Amino acid sequence: MTFSPGDLFLILPELLVITAACLVLVLDPVLSSSQKDGLAWLSLGTLAICMGLIASQMNHAASAFGGIVIIDAYACFWRLLLCFVAGLTVLLSHTYLREERLYFGEYYGFVLLSLSGMMVMVSAADLLTIYLGTELMSLSLYVMAGLKRSEPRSLEASAKYFVLGAFSSGILLYGISLLYGATGSTRLPAIAAAIAGRSLDDPLLLAATVLLAVGFGFKLAVVPFHMWTPDVYQGAPTSVTAFMAVASKAASFGAFLRVFVEGLGSLKANWSAIFLLVCIATLVLGNIVALVQTNIKRMLAYSSIAHAGYALIGVVAAGVAGTQTGEANGITAVMLYLALYAFMTFGAFTIVAMLRKGGLDGDEIEDFSGLAARHPLAALLMLVFMVSLAGIPPTAGFIGKFYVFMAAVEAGLTWLAVLALVFAAISAYYYLRIIMVMYMREPDPLTAASPRLIMSPALSIVLACAVAGVVFFGLYPSPLVNLAGHAVLTFK
Amino acid sequence: MTHSFPWLTLLIVLPLAGAVALCFAKDTSVRLIALGITAADLLLSLPLWWLFDASSGSMQFNETALWISTPPIHYRLGLDGISLPLVLMTTMLMPLCVLISWRSIDQRIRSFMAMLLVMEGAMIGVFAALDFVLFYVFWEAMLIPMYLLIGVWGGPNRIYAAVKFFLYTLVGSVLLLVAILVLYFQSGHTFDIVQLSQAAVPASLQFWLFLAFFAAFAVKVPMFPFHTWLPDAHVEAPTAGSVILASVLLKMGGYGFVRFSLPMLPDASIAFAPLMITLSIVAIIYGAYMALAQTDLKKLIAYSSVSHMGFVTLGLFTFNIQGIEGAVMQMVNHGITTGGLFLCVGVIYERTHSRQIADNTGLTTPMPRYATLLVIFALSSLGLPGTNSFVGEFMVLAGTFIWSKLATALASLGIILAAAYMLWMIQRVAFGLPSAPVLSALRDLDRREMATLIPLVVLVFLIGIFPNPILTRMHASVNQVLARTSVPTAATAMRAENQLLPAPTNGDSLAMETPRP
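What counts and what doesn't
- Residues numbered from 1 in each chain as written.
- Chains lettered and ligands numbered in written order.
- Predicted model: local features only at pLDDT ≥ 70, side-chain atom pairs only at ≥ 80, totals over all residues.
- Helix = DSSP H or I, 4+ residues; strand = E, 2+ residues; numbered from the N terminus.
- Rg over C-alpha atoms; globule rule 2.2 N^0.38 Å.
- Buried ≥ 20, exposed ≤ 12 C-beta atoms within 10 Å, placed from the backbone.
- Contact = placed C-beta atoms within 7 Å.
- Pairing = 2+ DSSP bridges.
- Arc of directions from axis to C-beta.
- Core = buried A, V, L, I, M, F, W, Y, C linked by C-beta atoms within 7 Å.
- Nonpolar A, V, L, I, M, F, W, Y, C, P; charged D, E, K, R; others polar.
- Axes fitted to C-alpha atoms, helices over the stretch in contact; angles between N-to-C directions.
- Parallel < 35°, antiparallel > 145°, perpendicular 65-115°, else oblique.
- Left-handed = near helix turned anticlockwise from the far one by under 90°.
- Expected span 1.5 Å × (residues − 1).
- pLDDT = per-residue confidence, 0-100.

*Asks:* In this structure, what is going on with the overall build of chain A? I would like to understand it.
*Replies:* Of regular secondary structure, chain A possesses 20 helices and five strands. In terms of C-alpha radius of gyration, chain A reaches 21 Å, essentially the compact-globule figure of 23 Å for 492 residues. Taken over the C-alpha atoms alone, chain A extends approximately 70 × 55 × 40 Å along its principal axes. Scored against the burial criterion, the 492 residues of chain A give a buried share of 62%. Expressed as a percentage of contacts within chain A between residues at least 6 apart in sequence, the contacts between residues at least 24 apart total 79%.

Below is the structure:
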């Protein structure tokens with residue numbers, strides 16, 4: 001393998017993030033508790049620099065370290081999104097951690113470490129490197145999920161996440177090893193070349209594909225590999241939940257698409273059939289189970305499962321579309337969907353994090369009763385996020401769904417679009433219920449402590465970013481559509 | 001003919017900007033600002049009436065801008081003779097909605113007025129949009145403000161009614177979205193409504209697309225048997241909400257049929273006509289019967305709406321100039337008359353806090369002005385010659401006569417029943433004896449309430465006596481729709497009759513008559 005200093009420049013954003021993570025971990029014991037805010041600002045500054053660097057790399061596709069890493073527009077699209085979400089997470093955590101009395105400087109270190117894992121995932125073109133990125137992401141998230149050490153549910157979330165996550169990583173690794181056995185390489189281009197023209201008659205290839213699909217299925221939290229999601233989302237600190245629901249899902253989709261499109265593209269007829277079933281199961285189960293939730297974090301967990309189902313429609317559409325434009329439109333739709341989903345989901349979780357009941361999260365749906373009367377602006381923002389999650393125009397959620405369904409219809413999957421839209425209408429019921437509770441119910445006078453809302457400038461910035469994204473891209477999605485279209489992967 | 005002045009954009013943006021402005025207004029001035037904005041929107045829309053070139057059937061006041069490049073979605077607005085009256089009806093009703101809510105809405109008045117203004121912008125957008133995606137955005141964007149109007153400011157059972165309204169309309173319209181996408185790929189990769197109205201779509205596909213369109217529009221109209229959300233929503237909504245629902249939202253269903261179903265899917269429209277006409281007649285008679293049985297004034301008017309909107313769908317699917325023009329007339333007239341009736345109910349509800357007929361009787365003595373106006377709207381609703389509704393219903397029946405005499409006879413029953421339920425209602429509410437002493441002490445309409453109702457009374461007679469200005473503006477546009485759905489052959493008309501009448505057993509002369517071509 002040849003190595004050149006230029007390669008290091010290509011992964012400079014990743015290096016910066018890791019350096020900042022180490023710096024945070026080292027500085028944490030040295031700083032007094034009043035100075036620990038500085039760690040958040042250090043992380044934010046790093047992320048801002050990274051976003052600038054990534055934006056400048058957008059138009060120059062290049063590979064580094066002998067093809068292990070590919071920094072193309074596709075990778076930059078996801079890295080940009082991930083850094084942005086990590087920035088929002090830091091801002092949200094800054095206030096939320098103080099409220100929760102979680103004075104861990106390491107927290108920001110773990111956010112950055114996890115982020116660096118995600119960035120590796122989306123820019124790697126080698127299965128082992130992707131695996132390493134996944135592990136770096138997951139291990140940091142396991143710790144973050146259990147940060148509320150005094151709360152059993154947080155610990156349970158962490159343990160559950162760890163066990164199931166380790167299990168799925170094992171499956172992923174097993175799939176990678178089988179694929180290596182079948183093709184003699186872990187590099188995606190080499191795999192693509194080796195399996196070109198082969199079919200799934202080869203049992204080794206079949207087993208490898210299925211295991212990879214299962215492994216990624218866990219990371220994407222799609223049915224039937226979704227079991228961990230509600231418990232982990234509910235138990236983890238809300239800021240971590242927001243980060244997991246948005247960033248880890250986006251990174252997993254980024255890596256997943258890269259593997260299945262660039263590596264296993266010639267098997268698309270086979271894997272699109274698998275994902276079609278997974279997609280339908282995800283849409284049905286996610287939306288139906290979300291209907292009966294009473295805890296908003298659990299409801300948003302099932303909603304995030306359902307949204308992975310909508311994104312999968314784009315993957316399936318790309319797989320069955322006969323034409324090159326059809327494939328590109330399917331992949332573009334997935335990328336667009338995840339980017340738009342980031343704004344609305346992060347916004348919704350931010351409002352959830354802001355609502356406090358005593359010293360605890362106000363995360364029961366009942367806690368939102370009468371929010372519109374007490375905090376009209378927060379209720380209005382939550383309304384916008386809910387409407388967007390339900391996919392009603394003129395919000396970002398509609399645009400995301402529009403492109404996904406468009407890809408489905410173009411690929412001849414009109415029936416799937418009909419099915420998914422019917423479930424979108426069903427999903428409107430549970431999003432609407434939040435609006436109903438906020439606007440049409442009065443707070444229960446019997447409950448002693450009526451929930452209050454924490455405010456801070458940092459939270460205002462997070463909410464402003466989220467709502468601006470939801471409204472702006474809902475009204476004028478062209479910039480994002482063009483960006484995703486420019487960054488799209490092509491089947492090899 | 002194109003105008004460089006962006007009339008339509010201003011009409012849409014003005015209320016939306018007003019809604020934003022309300023957020024920063026002083027509590028005391030919220031009502032005045034809302035009234036000012038709706039009035040300004042009305043004034044802004046009036047010149048369109050005279051600037052409109054009645055000789056042309058094409059879209060006027062066009063505005064086009066690229067909105068999204070891939071796929072090509074445009075911000076494209078324009079009006080023709082069908083949408084022009086509907087837009088004017090909307091802008092005319094909105095100041096009245098603000099006025100009627102002046103005192104009856106006493107909490108969260110700011111949000112209420114903002115919702116009204118958002119509704120106005122979206123409703124005008126629906127009628128003016130010439131890009132299918134843009135249309136869909138406006139169409140769906142109305143759902144949330146309407147949901148809040150019913151759910152926050154409505155009656156005791158408001159949450160149930162609001163959710164029912166929302167889910168019914170949403171389920172209908174998601175299928176519309178799929179149909180829009182399928183149509184895009186089938187007819188030359190465009191969302192342009194004008195182009196799509198000229199595209200040829202395979203007949204087998206039209207069948208499915210028609211069903212999808214039907215799901216969206218039939219729920220909105222509402223056609224039997226998709227009408228069950230309407231009585232709930234009407235009864236629970238605040239007065240202004242009921243007026244908007246009845247006068248504008250229901251029209252969007254009829255508008256959808258005439259703007260999209262007929263010209264884009266002509267073959268399927270003709271094939272489905274027997275079913276549509278049957279459903280329309282069922283709605284006309286069933287709605288009227290249900291209205292007879294109601295004890296709640298709002299429910300009575302709600303069911304009468306089902307009946308009257310049956311005439312709209314009946315006229316549209318006769319595919320002749322009388323029928324379709326009559327249907328559009330009926331849409332405008334129903335907006336005016338039913339809007340007036342709901343305003344009347346709102347006025348009395350403010351005083352007695354009851355919508356029950358039994359609690360509001362003998363109002364002529366204490367409230368002579370009110371009783372007069374109520375009687376005028378009721379007579380208009382039953383289609384008395386000289387009032388507006390007569391024009392529309394007569395034209396629809398004349399159009400239906402060409403298609404089928406039996407259908408005409410059955411639909412006429414609806415008018416007779418309308419006379420029954422309306423006159424009976426009038427007899428009790430206006431002319432009966434007061435059921436409680438408190439009723440004799442009610443104060444009559446004040447100036448604000450008179451100002452709310454008088455414009456509609458003027459229109460009732462104006463259109464009733466001199467409907468020609470509306471009809472002349474409609475001719476060319478309706479002819480364009482007709483050109484797409486060429487006059488049905490005797491065979492299809494015959495089939496329609498056979499479907500309407502289950503196997504004539506005793507040689508019923510009505511059914512056996514051959515229809516005139």
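Past the structure itself, the notes keep going.
*Asks:* Whenever I open this one, the overall build of chain B confuses me. Can you help?
*Replies:* Counting its secondary structure elements, chain B contains 21 helices and two strands. Here the C-alpha atoms of chain B give a radius of gyration of 22 Å, agreeing with the 24 Å that 2.2 N^0.38 yields for 517 residues. C-alpha atoms of chain B, sized along the principal axes, occupy 65 × 65 × 40 Å.

*Asks:* What is the right way to read the sheet that holds strand S5 (residues 452-453) of chain A from this model?
*Replies:* Whether parallel or antiparallel, the strands of a sheet pair through hydrogen bonds between backbone atoms. All names here are of chain A. Strand order in the open sheet formed by three strands is S4-S3-S5, and the pairing between neighbours is antiparallel. The strands lining the two open edges of the sheet, one partner per strand, are strand S4 (360-361) and S5. Judged from the two bridges that link them, strand S3 (residues 355-357) and S5 form a sheet pairing that is antiparallel. Within the sheet, the bridge partner assigned to Arg-356 lies in S5 and is Arg-452.

*Asks:* How should helix H8 (residues 188-195) of chain A be read in this particular structure?
*Replies:* Every α-helix carries 3.6 residues per turn, so stepping three or four residues along brings you back to the same face. Residues and elements named next belong to chain A. All of the buried residues in H8 are Leu-188, Ile-191, Ala-192 and Ile-195. Considered in projection along H8, the buried side chains sweep an arc of 100 degrees and stay on one side of the axis. On its buried face, H8 sits against helix H7 (152-183), helix H9 (203-220) and helix H11 (238-263). Gly-197 sits one or two positions beyond H8 and adopts a positive phi of about 85 degrees.

*Asks:* Could you clarify how one ought to interpret the nonpolar core in this entry?
*Replies:* Side chains of nonpolar character tend, in soluble globular proteins, to be buried together. Counting residues in each nonpolar core, the largest one holds 414 residues, and the members touching the most others are Leu-82 and Phe-405 of chain A together with Val-178 of chain B. Those residues in contact with Phe-405 of chain A that sit more than four places away from it in its chain are Ala-417, Ala-420 and Leu-421 of chain A together with Leu-177, Val-178 and Leu-181 of chain B.

*Asks:* Sorry, what's going on with the interface of chain B and chain A here?
*Replies:* Often, the extent of an interface is quoted as the loss of accessible area upon association of its parts. With 26 residues of chain B in contact, the opposing surface of chain A contributes 25 residues. At the level of secondary structure, the elements contributing two or more residues to the side of chain B that touches chain A comprise helix H5 (132-141), helix H6 (143-153) and helix H7 (158-186) of chain B. Tallying contributions element by element places H7 of chain B first for the side of chain B that touches chain A, with 13 residues. Of the residues assigned to the side of chain B that touches chain A, the class counts are 22 nonpolar, three polar and one charged.

*Asks:* I keep staring at the packing of H11 of chain A against helix H13 (residues 296-320) of chain A and nothing clicks. Help me out?
*Replies:* Two measures define how a pair of helices packs: the angle their axes make with one another and the distance between the axes. Residues and elements named next belong to chain A. Direction vectors running N to C along H11 and H13 enclose 15 degrees, while the axes themselves pass 12 Å from each other. One way to sum up the angle between H11 and H13 is to call them roughly parallel. You can see that H11 and H13 cross each other, and the crossing is right-handed. Across the interface between the two elements, Thr-238, Thr-241, Ala-245, Lys-249, Phe-253 and Leu-257 of H11 pack against Lys-297, Leu-300, Ser-304, Ala-308, Ala-311 and Val-315 of H13. Tallied by class, residues from the contact of H11 with H13 come to seven nonpolar, three polar and two charged.

*Asks:* I'm lost on the pairing of strand S1 (residues 60-68) of chain B in this one. Help?
*Replies:* All names here are of chain B. With six bridges joining them, S1 and strand S2 (residues 73-79) adopt antiparallel strand pairing. Within S2, the position partnered with Glu-63 by the bridge is Leu-77. The antiparallel hairpin formed by S1 and S2 contains four residues in its connecting segment.

*Asks:* Please clarify how H13 of chain A should be interpreted in this entry.
*Replies:* For H13 of chain A, which comprises 25 residues, the first-to-last C-alpha distance of 36 Å matches the rise-based estimate of 36 Å (1.5 Å per residue) to within 8%. Across the 25 residues that make up H13 of chain A, a large majority, 25, are buried.

*Asks:* For this particular structure, what's the right way to read the packing of helix H15 (residues 368-381) of chain B against helix H17 (residues 405-431) of chain B?
*Replies:* All names here are of chain B. Across the interface, H15 lies against H17 with an axial gap of 9 Å and an inter-helix angle of 170 degrees. The pairing of H15 with H17 is recorded here as roughly antiparallel in orientation. The residues of H17 that touch H15, namely those facing Ala-371, Leu-374, Val-375, Ala-378 and Ser-381, are Ala-418, Met-422, Met-425, Ile-426, Val-429 and Ala-430. Here the contact of H15 with H17 is composed, by residue class, of 10 nonpolar, one polar and no charged.

*Asks:* Looking at this structure, I do not really get unusual backbone geometry. What am I missing?
*Replies:* For residues besides glycine, phi is generally negative; the peptide bonds are generally trans as well. Each neighbour pair has its own omega, and for Pro-393 of chain A with Pro-394 of chain A the value is 0 degrees, a cis peptide bond. With respect to the helices and strands, Pro-394 of chain A occurs in the loop between helix H16 (376-389) and helix H17 (396-410). For Ala-221 of chain A, which is not glycine, the phi dihedral falls at a positive 60 degrees. Among the secondary structure elements, Ala-221 of chain A is positioned in the loop between H9 and helix H10 (228-235). Judged by the 27 C-beta atoms lying within 10 Å of it, Ala-221 of chain A falls in the buried class. Positive phi, normally seen in glycine, also occurs at His-189 of chain B, with a value near 50 degrees. Within the fold, His-189 of chain B resides in the loop between H7 and helix H8 (193-196). With 9 C-beta atoms counted inside 10 Å, the residue His-189 of chain B sits in the exposed group.

*Asks:* Can you walk me through the environment of Val-488 of chain A in this structure?
*Replies:* Residue and element names in this part refer to chain A. Looking at the element boundaries, Val-488 is found in the segment after helix H20 (478-486). Sequence spacing of Val-488 and Ile-171 is 317 residues, and the spatial spacing of their C-alpha atoms is 28 Å. Apart from residues no more than four positions distant in its own chain, Val-488 is found in contact with Tyr-74, Ala-328, Ile-331, Thr-332 and Met-335.

*Asks:* Explain the environment of Arg-110 of chain B to me, please; I cannot follow it from the model alone.
*Replies:* With respect to the element layout, Arg-110 of chain B can be found in helix H4 (residues 109-128). Beyond its immediate chain neighbours, meaning those up to four positions away, Arg-110 of chain B contacts Leu-22, Asp-27 and Val-30 of chain B.

*Asks:* What am I meant to see in the environment of Phe-110 of chain A here?
*Replies:* For Phe-110 of chain A, the location among the structural elements is in helix H5 (residues 106-123). Sequence separation between Phe-110 of chain A and Glu-364 of chain A is 254 residues; the distance between their C-alpha atoms is 28 Å.

*Asks:* Would you explain the confidence of the model for chain B in this entry?
*Replies:* Do not read the predicted coordinates in detail wherever pLDDT is low. Residues and elements named next belong to chain B. Averaged over every residue, the pLDDT of chain B is 86; residues scoring 70 or more account for 93%. Ranking the elements of chain B by mean pLDDT puts helix H21 (residues 509-512) last with 40 and H5 first with 93. Within the model, pLDDT remains below 50 along residues 487-497, and this stretch shows 23 contacts once partners closer than five positions in the same chain are excluded. Under a pLDDT of 50 for its full length, residues 499-517 has, in the predicted model, 29 contacts with residues more than four places off or in other chains. In the predicted assembly, ipTM is 0.92 and pTM is 0.91.

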